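Chain by chain, the residues run as shown.
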Amino acid sequence: MAELEGLEFGKSDFVLLDEVTMEQFMENLRLRFEKGRIYTFIGEVVVSVNPYKQMDIYGKEVIEDYRGRELYENPPHLYAVADAAYKAMKRRAKDTCIVISGESGAGKTEASKYIMQYIAAITNPSQRAEVESVKNVLLKSNCVLEAFGNAKTNRNDNSSRFGKYMDINFNFNGDPTGGHINNYLLEKSRVVQQQEGERNFHSFYQYQMLQELLFRSDELLKSLYLQRDPAEYAYTSQGASASNNDSLCHKAVMAALKVIGFTAEEISSIYKILSTILHLGSLQFTNDGEHVIIVGEDTVKHISELTSTEAENARKTLLYRTVATGGGEVIEKGHNEKEASYGRDAFAKALYERLFAWIVGRINSVIEVKDYNPALHGKNTVIGVLDIYGFEIFDNNSFEQFCINYCNEKLQQLFIELILRQEQDEYQREGITWQHIEYFNNQIIVDLVEQPHKGIISILDEACLTAGKVTDTVCLDSMNKKLGQHPHYTSRKLCPADKTMEFNRDFRIRHYAGDVTYSVEGFLDKNKDPLFQDFKRLMYNSSDPVLKEMWPDGKMSITEVTKRPLTAATLFKNSIIALVDKLACKEPYYVRCIKPNEVKSSMLFDDGRCQHQVAYLGLLENVRVRRAGFAYRQPYARFLQRYKMTCEYTWPNHLMGSDQEAVEAIVNQHGFEDDVAYGHTKLFVRTPRTLFTLEQERSALIPILVLFLQKVWRGALARMRCRKLRAIYTIMAYYKCYKVKAHFWEVERRFTNVRNMADYGKSVEWPTPPAALVQFHRITQHLYRRWWARQLIKNIPPSDMAEVRAKVAALSALSGERVDWGYSRAWERDYLAKDSPLTSTNFVRITKELKNKDQYSQILFSCSVRMLNWFNNTKDRALLITDKHIYRLEPKKHFKVQKRIPLDSKCSITSLPHQWILCSEWVPSE
């Protein structure tokens, strides 16, 4: 890794430091920050320093560089740990989580967004619409939750004032199918009070600035009874004012709400609730001598209209409290000015808290995995992303900081258990000898806060449940008595010489991150988190369905006996314990965020400030564990399965006694004997370089193996196809043989008795032959016709054979030319010689004369004809054809020769049934 980036950028993994000291650690961290390298590895942990500027290291090209690569194959980056978590989830079907920790302003929120963007970018390559929809909602939810859960503080312009844990569900293909968001401890006290220089939640300012941008008229503002200036309202005028970015951010929020699926009515209800909260802050109470009254009844009417309640009910709820006596009697108890103001603020905080919880629930209803069936859809795996508030030390630390720092103690405990203690315990279980590393176990601090009956939360709950007037000071005295001997707890009473704490107000806890002094003022009220039941019933009876849905507990009447609700601290403790249990069952990946300075400068690196964070994050101990231990460990079977192709003795299967021996063969062949250790069930690899080398060789062999497998498979497919073709051809051959035999059988059946038929089978229809016998069929038919002709001819007398031959010759010549050519009658040839005696005598005489004269051999044909000349006149004539000439004779003049033309002259016979002879050489006048 150092080679990838160059030595001028320092060591990209703190494990590679020459000496593990705070000085070298800080020197390397400073050098990388100054060189623009904000990410550094500690094994699989990413240390991130907030650059306080935009950096061009998050584009599509960078995503492609990290997609599918090993953790140590590229320079340190958030994408590397995100890809490692995704690959572990996809390859091993194991749930993973990414824990992002650090103090406020260290860049946790931005880190979580980049991780989400990376996971969205590398999933769903087929662009399935339903998966894209889930990805869009998951990404857009960040924008909405930031608007309603983040605020500007003195340390951070976009500080998360709530904790967020998001589970992303994946199918067997590795595509996101849904998710679930858990939110923790929204800082609702910010709704009614902010420190100097800080602001309320972004949503209040974004909404009011949006009106100026989109609505040139005041119509919408008038419907909400609002002014554009946030300074007009008590809840938004205490700290910093609105900024120019608010309107632009709100554009993105509105677009995100629509993408997620919020309806126009739901969005309208959201902003009516925000307007109601602003109007609540403007309410003032005064005493007219006997009763408390509201200054400005119009504001109450505005609130009732915005919440869709009756104005009189809203007024009574603000001024009176309904109490049920032991006998079931219901009485109304009027507030004094202090109680009315307290109830107003409590109502405003509860409104915003329930609005935020409803928004989270509404998002969850959209992104939850629906109709999931493990048998049908495969194993459902999860990647969890935790973005939760960092450790906080303010000038005035109250109940919220106490809960936040307790949460960080629990997360640090998880980090210790999963990264440090489990690592050492695993080495001991596997029988690996290594140097023991001392580390601070903060379990003692966790017990100080959450231990039953003895912890601070138990003491607070006990004080809240005690009847009578119990003050914060009384609660502090109780903590001093019960915790006075605890090494991590002190107060001014226990340490009178420490003047940094006030008597009867302050106590101090020695957290893993440093000493924090808390002011006990307001602890009990914030722990009780009281809200008069009248406000709950008022909201439940609203005609606005969104408001009604947010207050289901308002359904109960005042006389119904209900169990005392859990305190805020106990609820938070239970949720954090559940969160830690959820994280503990997943394979963790860590991003440790560091804030370089307090002035949000991209150039300043505050050594003292950073060193303090490095110390309380336990980063140096983490380096020592990694350096003294092994960077990678894997069961023998799994290691062998992944790398067996890199050794000739283990591919494709080894013949050794155990998997451990096979793994040793792989290690020895590559010369890594000095960089590994063999446990009872696992192989331990000391440096990432060894693993990187194995991965490189495996990556080079995979294409070769793939080609080999493709070749084998293609050969198998070809052989299967060949066998199928052979079978097909065999079947075809047998079928053809069957068809030939069937045809022969059918011909034999039809023509068996043709000798005994009158027509010798001429009327028998031939069967259609198969394609293979078409030519044979033609030959057979020809042979049959010859046989049939022979049967006919053998019955003709020899004297008629000359006529038969003549007719056959005529058939050959006239076939297709004449329809009727006299084949059905007897042919006499010399018809005139066989006519009447007188005619025949004259004709015979003239033929003898012509024979002597023209020397012809025989008479071919003679008959009487009708001549048609050019003038359409007809005359009776006689026609004589010899083997040399054609003669036209005049029968009435004793067959006088009128015309003689050679036999080869141009004469033709028409194909029409009138039997005309056309002779062009005869003179037309004749």
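Nothing here was measured: the structure is a model prediction, and the numbers come from that model.

*Asks:* Please explain the overall build of the protein as it appears in this structure.
*Replies:* Across its full length, the protein holds 30 helices and 25 strands. Relative to a compact globule of 926 residues, whose C-alpha radius of gyration would be 29 Å, the protein shows 54 Å and is clearly more extended. Here the protein, with 926 residues, has 48% of them falling under the buried criterion. The contacts in the protein between residues at least 6 apart in sequence include a share of 63% that link residues at least 24 apart. With the model as given, the accessible surface of the protein reaches about 47300 Å², and the carbon-plus-sulfur share is 53%.

*Asks:* Is there a simple way to think about the sheet that holds strand E22 (residues 885-890) in this case?
*Replies:* Whenever strands of a sheet pair, they do so through backbone hydrogen bonds, lying parallel or antiparallel. Ordered in space as E20-E21-E22-E23, the four strands form an open sheet in which the pairing is antiparallel. Strands at the two margins of the open sheet, each flanked by one partner only, are strand E20 (859-868) and strand E23 (896-902). Taken pair by pair, the neighbouring strands of this sheet meet at an average axis angle of 25 degrees, ignoring direction. Relative to E22, strand E21 (residues 874-882) runs antiparallel, the two being bridged by four bridges. Bridge pairing links Ala878 to Leu889 in E22. Across the face of the sheet, helix H30 (residues 837-854) comes into contact with E20, E21, E22 and E23 while running at roughly 140 degrees to E22.

*Asks:* Is there a simple way to explain the UniProt feature "binding site: ATP" (unreviewed entry) in the protein in this structure?
*Replies:* Taking the numbering used here, the UniProt-annotated feature "binding site: ATP" (unreviewed entry) corresponds to Gly102, Glu103, Ser104, Gly105, Ala106, Gly107, Lys108 and Thr109. Along the chain, the position of Glu103 falls in the loop between strand E3 (96-101) and helix H5 (108-122). Classification of Glu103 by relative accessible area gives buried; the value is 3%. Residue contacts for Glu103: discarding those within four places in its chain leaves Lys108, Arg155, Gly390, Phe391, Cys593, Lys595, Glu598, Arg609, Gln613 and Tyr616. Tracing the sequence through the fold places Ser104 in the loop between E3 and H5. Setting aside its immediate chain neighbours within four residues, Ser104 contacts Thr153, Arg155, Asn156, Ser159, Arg161, Gly390, Phe391, Glu392 and Lys595.

Thresholds applied
- Residues numbered from 1 in each chain as written.
- Predicted model: local features only at pLDDT ≥ 70, side-chain atom pairs only at ≥ 80, totals over all residues.
- Heavy atoms only, no water.
- Helix = DSSP H or I, 4+ residues; strand = E, 2+ residues; numbered from the N terminus.
- Rg over C-alpha atoms; globule rule 2.2 N^0.38 Å.
- Buried < 20%, exposed > 50% of the residue type's maximum accessible area, 1.4 Å probe, protein only.
- Contact = heavy atoms within 4.5 Å.
- Areas by Shrake-Rupley, 256 points an atom, 1.4 Å probe, with all protein chains shown as cover.
- Pairing = 2+ DSSP bridges.
- Axes fitted to C-alpha atoms, helices over the stretch in contact; angles between N-to-C directions.
- UniProt positions renumbered as here; feature names shortened; annotations may be inferred.

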